[in-house]
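# Commentary on secondary and tertiary structure
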Amino acid sequence: MVFGSNASGEGFLSKMRDGLKKTRRRLQEGFEAIVDFSSSDEEAFEELEALLVQSDMGARVATEVLDELRRELSSREASEREQIFSRLGALLSEKIRCDDRDRQLLLSSDPAVIMLVGVNGVGKTTSAAKLAHLLKERGRKPLLGASDTFRAAAIEQLRIWGDRLGVDVISHDFGADPAAVAFDSIKAARARGADTVILDTAGRLHTRHNLMEELAKINRVVQRETGCPPDETLLVVDATTGQNALRQVEMFAGAVAPTGIILTKLDGTAKGGIVIAIEAESGLRVKLVGLGEGLSDLEPFVEEGFVRALLGLEE
Ligand code: GDP
């Protein structure tokens, strides 16, 4: 089963607009400050480029996009501001455009297993609960596995979310073997007719080596029990952490082969351009975005809607 966006709807766009308010406000103030914006005004282009870099989009992408924009506009008579921004939006969308399938969750095992990985505090446990909610809304029967046994609070938090959602949570005591939780979660899903297991995992152990070993062990257990690795290994990163988010992507990508990214807290940052930097630098796709702390604030990512919301472009 392919689980993706049906997010062309207004709901998604207005949420994305709302979530990206801080980033857009910052960018638009900058745009307005560029008074004499015409296609021949080099200073204006430089200011625009600096604004894009400040949104955490990455210097390489900002330069490439602005170079292309200059090239396109130099062949025309002076262009209107609106046209320039609309063209800028199109060029940014192209930077992150991909096949729809690459943004979807591909859930084919029975039960399907989704493993969430990432450092502490990025929003992993919350995202596990939000994802359970989203899957339930789309007619699936999820079950949560509390494989972050390193933090008692994470186990308790997941139990509370599970109660609220009416979703079973499989947990062991603090300090138990996380791979054993994964094993029990898969068994419980089979016994209880759940079709998707969402595993929350630890974000910090005594050493990074231990953490990656532990994730690999969970992976092996899933493989043994279902015949294949987790259907999705989603790396959770926090949009507010800027360049740190990029470093986390690098660190986990080398160790656990993520199949995609959940980018949380887009609502809490003025640097939403990080989406573009992550995709351009890592080649991984952002599949879901967190746009708030509530259960329904996790949305499948849609690039066109994102860019329109980022730049404040009309439909
Ligand atoms: P974990 O340590 O990675 O499991 O992180 P948690 O799930 O405990 O989340 C850490 C904090 O981030 C909590 O206060 C969450 O409510 C908050 N959080 C998670 N996702 C989002 C989001 O998309 N937007 C906002 N504003 N806060 C979020």
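A brief report on the enclosed structure follows.

Rules behind the numbers
Residues numbered from 1 in each chain as written. Predicted model: local features only at pLDDT ≥ 70, side-chain atom pairs only at ≥ 80, totals over all residues. Heavy atoms only, no water. Buried < 20%, exposed > 50% of the residue type's maximum accessible area, 1.4 Å probe, protein only. Helix = DSSP H or I, 4+ residues; strand = E, 2+ residues; numbered from the N terminus. Pairing = 2+ DSSP bridges. Contact = heavy atoms within 4.5 Å. Core = buried A, V, L, I, M, F, W, Y, C linked by side-chain atoms within 4.5 Å. Domains from an automatic or database assignment. Near = heavy atom within 4 Å. Polar contact = N/O pair within 3.5 Å; in protein donor to acceptor, adjacent residues only side chain to side chain. Nonpolar A, V, L, I, M, F, W, Y, C, P; charged D, E, K, R; others polar. Expected span 1.5 Å × (residues − 1). Arc of directions from axis to C-beta. Salt bridge = Lys/Arg side-chain N within 4 Å of Asp/Glu carboxyl O. Phe/Tyr/Trp six-rings, centres within 6.5 Å; stacked < 30°, edge-to-face > 60°.

## Some points on the pairing of strand β3 (residues 112-117)
Of all six residues making up β3, six are buried, and the element is well covered by its neighbours. In β3, alternate side chains face the same way, and those of A112, I114 and L116 on one face and V113, M115 and V117 on the other are all buried. With five bridges joining them, β3 and strand β6 (residues 196-201) adopt parallel strand pairing. Across the sheet, A112 pairs through a bridge with T196, a residue of β6. When β3 meets strand β7 (residues 232-238), the two strands line up parallel, connected through four bridges.

## Quick word on the side chain of T149
Mapping T149 onto the fold places it in the loop between β4 (142-147) and α7 (152-165). Residues in contact with T149, not counting those within four places in the same chain, are I155, D173, F174, G175, A176, P178 and V181.

## Focus on the nonpolar core
Core analysis: the largest hydrophobic core is formed by 100 residues, its most contacted members being L88, L131, L263 and F306. Residue contributions to this core reach at least three from each of two domains, namely domain 1 (10-96) and domain 2 (100-302).

## Let's talk about the environment of S86
Mapped onto the fold, S86 is located in helix α5 (residues 81-96). The exposure class assigned to S86 is partly exposed, which follows from its relative accessible area of 42%. With 113 residues separating them along the chain, S86 and L199 place their C-alpha atoms 41 Å apart.

## Examining the site of the ligand
Near the ligand, the surroundings consist of 17 residues, among which G121, K124, T126, D267 and E293 are the closest. Contact between the ligand and G123: an oxygen atom at 2.9 Å from a main-chain N or O atom of the residue. In the environment of the ligand, an oxygen atom lies 3.2 Å from a nitrogen or oxygen atom belonging to the side chain of R151. The element contributing the most residues to the shell around the ligand is helix α6 (residues 124-137), with four residues. Of the residues in the shell around the ligand, the class split is three nonpolar, eight polar and six charged.

## Description of unusual backbone geometry
Only a minority of non-glycine residues have a phi that is not negative, and only a minority of peptide bonds are not trans. Residue P111 is reached from D110 by a cis peptide bond, and omega for that bond is 0°. By the secondary structure assignment, P111 is in the loop between β2 (105-106) and β3. Phi is positive for K265, which is not a glycine, with a value near 60°. Locating K265 in the fold gives a position in the loop between β8 (260-264) and α11 (274-282).

## Thoughts on helix α2 (residues 21-33)
Along an α-helix, a turn takes 3.6 residues, which lines up residues three or four apart on a common side. Relative to the 18 Å expected for 13 residues at 1.5 Å per residue, α2 spans 18 Å between its end C-alpha atoms, a close match to the ideal helical length. All of the buried residues in α2 are T23, R24, L27, G30 and F31. Take α2 and look down its axis: the buried residues cluster within an arc of 130°, on one side only. The outward face of α2, more than 90 degrees from its buried face, is lined by the exposed residues E29 and E32.

## Some details on the environment of E42
Position of E42 relative to the elements: it lies in helix α3 (residues 42-54). Owing to a relative accessible area of 36%, E42 belongs among the partly exposed residues under this scheme. Residues E42 and R70 lie 28 residues apart in sequence; the distance between their C-alpha atoms is 8.8 Å.

## Structural notes on the pattern of salt bridges
Pairing is possible between side chains of opposite charge, provided their charged atoms come close. A full pass over the atoms with the stated rule returns 23 salt bridges. As a salt-bridge pair, R285 and E279 come within 2.6 Å of each other at their nearest N and O atoms. Note on E279: relative accessible area 5%, which makes it buried. A single salt-bridge network, built from bridges that share partners, covers E42, E49, D67 and R70.

## Topic: the packing of aromatic side chains
In this structure the tally under the stated criterion is two aromatic pairs. An angle of 35° between the planes, with centres 4.2 Å apart, marks the rings of F31 and F85 as tilted. Placement of F31 in helix α2 and of F85 in helix α5 is noted, with a sequence separation of 54 residues between them. When its relative accessible area of 9% is taken as the criterion, F85 is described as buried.

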